[in-house]
Amino acid sequence: MATQSTKHGEYILIYWDDKTHEYIRGHVSIEDAQKTLNFECEDVIATYIKHTYAFWGVGLDECGEPCQRFYLRGTPARGRFKVTEISFKDKHAIT
């Protein structure tokens, strides 16, 4: 029987115009989230994390065409996987 490799801690690349959160597979600590962000998005600092669940589904884009969508949910269920939702700020933002 083949074993499936884990994706725990893997960065989830999502393209959004006004991105407000980053996502990592699995429920990770804010320190581990920051390590991943340092590698993937070097100009952001994690300010808060939330452990939640997500799944990939079909939705509609701005033109009404079918597209793949990332859906978040608060509870586990079949087809959902653990994700860490990361709120962040820009390292170069003036505070």
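Details of the structure are given in the entry above.
Summarised in this report is the structure supplied together with it. Here the structure is a predicted model, which means the values were calculated and not measured.

### Concerning the nonpolar core
Link 1 in the chain: By size, the foremost hydrophobic cluster in this structure holds 10 residues: Tyr11, Ile24, Val28, Ala33, Leu37, Cys41, Val44, Ala46, Ile49 and Ile86.
Link 2 in the chain: Counting residues per element, the ones that place at least two in this core are α1 (30–40) and β3 (44–60).
Link 3 in the chain: With three residues, the top contributor of residues to this core is β3.

### Some remarks on the pattern of salt bridges
Link 1 in the chain: Counted according to the given criterion, the structure contains three salt bridges.
Link 2 in the chain: Across the pair Glu22 and Lys19 runs a salt bridge, and its minimum N-O distance is 3.5 Å.
Link 3 in the chain: For Glu22, a relative accessible area of 5% translates into the label buried.
Link 4 in the chain: With a relative accessible area of 25%, Lys19 lands in the partly exposed category.
Link 5 in the chain: The salt bridge involving Asp32 is made with Lys35; its shortest N-O contact spans 3.9 Å. Linking Asp32 with Lys35, this pair stays in helix α1, spanning three residues, or about one helical turn.
Link 6 in the chain: The class of Asp32 is partly exposed, set by a relative accessible area of 37%.

### What to know about the environment of Phe39
Link 1 in the chain: Mapped onto the elements, Phe39 comes out in helix α1.
Link 2 in the chain: Exposure remark for Phe39: the relative accessible area of 68% places this residue in the exposed category.
Link 3 in the chain: When the C-alpha atoms of Phe39 and Trp56 are compared, they prove to be 24 Å apart, with 17 residues separating the residues in sequence.

### Considerations on the packing of aromatic side chains
For any pair of aromatic rings, the description rests on two quantities: the centre-to-centre distance and the angle between the ring planes.
Link 1 in the chain: On inspection of all chains with the given rule, the structure shows four aromatic pairs.
Link 2 in the chain: Look at Trp16 and Tyr23: their rings are 6.0 Å apart centre to centre, the planes differ by 80°, and that puts the pair in the edge-to-face class.
Link 3 in the chain: We classify Trp16 as partly exposed; its relative accessible area is 40%.
Link 4 in the chain: Ring centres of Trp56 and Phe70 lie 4.9 Å apart, and the angle between their planes is 55°; on these two criteria the pair is classed as tilted. With a gap of 14 residues between them, Trp56 in strand β3 and Phe70 in strand β4 (residues 66–73) connect regions that are remote in the sequence.
Link 5 in the chain: Take Phe70: its relative accessible area is 14%, and that puts it in the buried class.

### Overview of the layout of surface pockets
Link 1 in the chain: Taken as a whole, the largest pocket holds about 410 Å³ of empty space.
Link 2 in the chain: In terms of lining residues, the largest pocket is bounded by 13 residues, among which Ile14, Tyr15, Trp16, Gln68 and Arg69 are the most central.
Link 3 in the chain: Listing elements by their share of the lining of the largest pocket, those giving two or more residues are β3 and β4.
Link 4 in the chain: Looking at the lining of the largest pocket element by element, the count peaks at four residues for β4.

What counts and what doesn't
- Residues numbered from 1 in each chain as written.
- Predicted model: local features only at pLDDT ≥ 70, side-chain atom pairs only at ≥ 80, totals over all residues.
- Heavy atoms only, no water.
- Core = buried A, V, L, I, M, F, W, Y, C linked by side-chain atoms within 4.5 Å.
- Buried < 20%, exposed > 50% of the residue type's maximum accessible area, 1.4 Å probe, protein only.
- Helix = DSSP H or I, 4+ residues; strand = E, 2+ residues; numbered from the N terminus.
- Salt bridge = Lys/Arg side-chain N within 4 Å of Asp/Glu carboxyl O.
- Phe/Tyr/Trp six-rings, centres within 6.5 Å; stacked < 30°, edge-to-face > 60°.
- 1 Å grid on protein atoms, 1.4 Å probe; cavity = no way out; pocket = protein on both sides within 12 Å on 5 of 7 lines; lining within 4 Å.
- Points joined across faces, edges and corners; volume = space filled by probe spheres on them.

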